[in-house]
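Now for the letters of each chain:
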Amino acid sequence: HTPGWPGDEFSIRLELRSLADVGLVGFPNAGKSTFLNCVSAARPKIGDYPFTTLRPNLGTVDIYETSFIIADIPGLIEGASEGAGLGLNFLKHISRTGHLLILLDPQNTEKLIEEQLSVLINELKTYDPSLLDKSIWIALNKRDTLDKETQNNFIDLINREITSLNLNIEQIIAISGFTGEETN
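Residues numbered from 1 in each chain as written. Predicted model: local features only at pLDDT ≥ 70, side-chain atom pairs only at ≥ 80, totals over all residues. Heavy atoms only, no water.

Novice: Hey, could you go over helix α4 (residues 148-165) for me, with residue numbers and the actual values?
Specialist: An ideal rise of 1.5 Å per residue puts 26 Å on 18 residues; α4 measures up with 26 Å between its terminal C-alpha atoms. The complete set of buried residues in α4 reads Q151, F154, I155, I158, E161 and I162. Down the axis of α4, the buried set is contained in an arc of 120°. They therefore lie on one face. Of the exposed residues in α4, the ones pointing more than 90 degrees away from its buried face are E149, R160, T163 and S164. At the N-terminal end of α4, a side-chain oxygen is found 3.1 Å from the backbone nitrogen of E149, two or three residues along, and the residue is D147. Residue N166 follows α4 closely and has a positive phi angle near 60°. (Helix = DSSP H or I, 4+ residues; strand = E, 2+ residues; numbered from the N terminus. Expected span 1.5 Å × (residues − 1). Buried < 20%, exposed > 50% of the residue type's maximum accessible area, 1.4 Å probe, protein only. Arc of directions from axis to C-beta. Polar contact = N/O pair within 3.5 Å; in protein donor to acceptor, adjacent residues only side chain to side chain.)

Structure below.
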């Protein structure tokens, strides 16, 4: 036998980030968890109050012969990229997704649709400009609460904001995570 030698001792910090194909991005109460609940078997906590989701929830979506993972990222707020709330933690998860689905809430009483989009894009760009190189879709959520003319007006506002921000967006659609309209 040989005598043992003192071992090396050190501290290490490992950080686990969610890895998903699609990341849901939006303000608190935009309907991200409701959407995830509608399109997957995931059952995230859903509530009618801000910050119901405190950590990312993952759901698998099965379509035909393929599947992909969606991450319900907790709601972002203005200043998230500068450390407001838990924004930096949430933005780290967004950086580990392949595509982004931005959910906008027409029922948000604090920010207009175009302001929501502008703030969210600014937070993503401030945190990591390469996030805007991902495929981005925009969903006007809660269409079940809007008539057709109001939906079209909101989509026109979103299109104008996209143009002013010089964004490359894959598609804009009006959906309802609650009723499942246009979610497939």
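Novice: Got a sec to walk through unusual backbone geometry? Specific residues and values, please.
Specialist: Non-glycine residue N29 carries a positive phi angle of around 70°. By the element assignment, N29 lies in the loop between β1 (20-25) and α1 (32-39). Unlike most non-glycine residues, K142 shows phi in positive territory, near 65°. Within the secondary structure layout, K142 lies in the loop between β5 (135-140) and α4.

Novice: Outline a nonpolar patch on the surface, listing residues and values.
Specialist: A cluster of nonpolar side chains, F10, I12 and L14, forms an exposed patch at the surface whose accessible area comes to about 420 Å². Within the element layout of this structure, L14 appears in the segment before β1. Look at L14 and you get exposed, because its relative accessible area is 73%. (Patch = residues over 30% accessible without salt bridge, like charges linked within 9 Å, V, L, I, M, F, W, Y side chains within 5 Å. Areas by Shrake-Rupley, 256 points an atom, 1.4 Å probe, with all protein chains shown as cover. Salt bridge = Lys/Arg side-chain N within 4 Å of Asp/Glu carboxyl O.)

Novice: Give me the lowdown on the sheet that holds strand β2 (residues 57-63), citing residues and values where you can.
Specialist: Overall, mixed pairing links the six strands, which are arranged β2-β3-β1-β4-β5-β6 in an open sheet. The strands lining the two open edges of the sheet, one partner per strand, are β2 and β6 (171-174). Pairwise comparison of adjacent strand axes, ignoring direction, gives a mean angle of 25° for this sheet. Pairing of strand β4 (residues 97-104) with β5, which is carried by six bridges, proceeds in the parallel orientation. Each residue of the ladder has a partner; that of L104, found in β5, is L140. Against the sheet, α1 contacts β1, β2, β3 (66-72) and β4, and its axis sits at roughly 160° relative to β3. (Pairing = 2+ DSSP bridges. Axes fitted to C-alpha atoms, helices over the stretch in contact; angles between N-to-C directions. Contact = heavy atoms within 4.5 Å.)

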